[in-house]
Amino acid sequence: METKEAIIITIINQKGGVGKSTTAVNLAAALGELGKAVLLVDLDPQGNSTSGFGVEKAGELLCVYDGLINEVPAESIIIRQVVEKVDLMPATINLAGAEVELMNEYAREHRLAELLRPTRGYYDYILVDCPPSLGQLTINGLTAANYLIIPIQCEFYALEGLTKLLETEKIVKTRINKDLEIMGVLMTMYDSRTSLAKQVVAEVQEHFGDKVFETMVPRTVRLAEAPSFGKSILSYDNKGKGAQAYRDLAKEVIHRG
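Scoring rules and cut-offs
All chains use their own residue numbering, which begins from 1 and follows the written sequence. Since the coordinates come from a predicted model, pLDDT governs what is reported: local features require at least 70, and pairs of side-chain atoms require 80 or more to be given and counted, while whole-chain, interface and lining totals use all residues. Think of the side-chain values as coming from all heavy atoms in the structure, minus any hydrogens and water. Only DSSP runs of H or I covering at least 4 residues are called helices, and only runs of E covering at least 2 are called strands; the numbering of each starts at the N terminus. Residue burial is assigned from relative accessible area. The probe radius is 1.4 Å, only protein chains are included, and a residue is buried under 20% of its type maximum, exposed over 50%, and partly exposed in between. Distance and chemistry together define a polar contact, namely a pair of N or O atoms within 3.5 Å, with one atom able to donate a hydrogen and the other to accept it when in protein, and with adjacent residues in sequence counting only for side-chain atoms on both sides. We place a 1 Å grid over just the protein atoms. Points where a 1.4 Å probe fits but has no way out form a cavity, open points with protein on both sides within 12 Å along at least 5 of 7 lines form a pocket, and any residue with an atom within 4 Å of a point lines it. Grid points are joined across faces, edges and corners, and a volume is the space filled by probe spheres set on the points. Amino acid classes used here: Ala, Val, Leu, Ile, Met, Phe, Trp, Tyr, Cys and Pro are nonpolar; Asp, Glu, Lys and Arg are charged; the rest, including Gly, are polar. Definition used for salt bridges: Asp or Glu carboxyl oxygen within 4 Å of a side-chain nitrogen of Lys or Arg. Note on pairing: two strands pair once DSSP finds at least 2 bridges between them.

Undergrad: Now, about the side chain of T143: what can you tell me, with residues and values included?
TA: Residue placement: T143 occurs in helix 7 (residues 136-144). Residue class for T143 comes out buried when judged on its relative accessible area of 9%. Here E109 takes part through its backbone oxygen, which lies 3.4 Å from a polar atom of the side chain of T143.

Listed below in structure tokens is the structure:
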């Protein structure tokens, strides 16, 4: 009988374009490469984590929406072995309707946690890729999580909007999920040649201290290209800087979690 219980890590930032889905896909693949059993939950109606593993977001595909709203069991939704050791709970555009429909549901904040509960004995890690907003889907991601990873792009206004995210995290921690912790802040699209990137990193480190991961994800063409081929960076450019960064991040995640 399995006695382990998966650690649930929600990847969150209400700003778009900061590398949430890139991190979800590539961290999942890197943890899988290290022999960890992983479930990636795509909670974003845009479905970037779903297409990032080459899964077609066709209308008839069962997705997270069916679990949250229609109470379809997780095992009927999960796609097995999108890469070695990694399963996927996909998103389709249907998920966009969940924001409105959840408003009228009983215990709506707990829907994702309840959907995932029967799966937790089968995985080491469950990663949740949230939409770029602080709506009902993201609240579900916060309620289900043990830890948060916050990707921040190395650009001007990197910390803009984070105040609201951190306020929301505190409210959820106080009222709904007392075990919620920030595992780490991940600097993405880092270009060591620019003084701006170094300045942003210094600012984020001043703000978050040792919560900032040592690993910084570089800005590379290969990382940007990989999703259009439906591949993780580990499959697309195995020896490149991006792949190495996500391997290093996976080791840090294991160490911190």
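Undergrad: Explain the layout of surface pockets to me, using residue names and the numbers behind them.
TA: In this model, the largest pocket occupies a volume close to 270 Å³. In the lining of the largest pocket, the residues fall into five nonpolar, five polar and five charged. Of the voids in this model, the second largest pocket is the one considered here, and its volume is about 210 Å³. As for the second largest pocket, its lining consists of 13 residues, and the residues nearest its centre are T22, M189, T220, L223 and A224. For the lining of the second largest pocket, the secondary-structure elements that each account for two or more residues are strand 7 (181-190), strand 8 (212-218) and helix 10 (221-225). Class assignment of the residues belonging to the lining of the second largest pocket gives a composition of seven nonpolar, five polar and one charged.

Undergrad: A description of the pattern of salt bridges should follow, citing residues and the corresponding values.
TA: Opposite charge on two side chains makes pairing possible when the charged atoms of those side chains draw close. Scanning the model with the defined rule gives eleven salt bridges in all. When the shortest N-O distance is used, the salt bridge between D179 and K178 registers 3.6 Å. R222 is paired through a salt bridge with E225; the nearest N and O atoms lie 3.5 Å apart. A residue pair is termed a helical-turn pair when its members lie 3 or 4 positions apart in one helix, as R222 and E225 do in helix 10 at three residues. Exposure remark for R222: the relative accessible area of 39% places this residue in the partly exposed category. Within this structure, R222, E225 and D237 form a network of salt bridges that share partners.

Undergrad: Could you give an account of the pairing of strand 1 (residues 7-11), naming the residues involved and the relevant values?
TA: Along any regular strand the residues' side chains alternate between the sheet's two faces. Counting buried positions along strand 1 yields five of five residues, so the element is predominantly enclosed. Burial along strand 1 is two-sided: I7, I9 and I11 and I8 and T10, pointing in opposite directions, are all buried. As paired strands, strand 1 and strand 5 (residues 125-129) are joined by five bridges and run parallel to one another. Within the sheet, the bridge partner assigned to I7 lies in strand 5 and is Y125.

Limitation: the analysis is restricted to geometry and does not speak to function.
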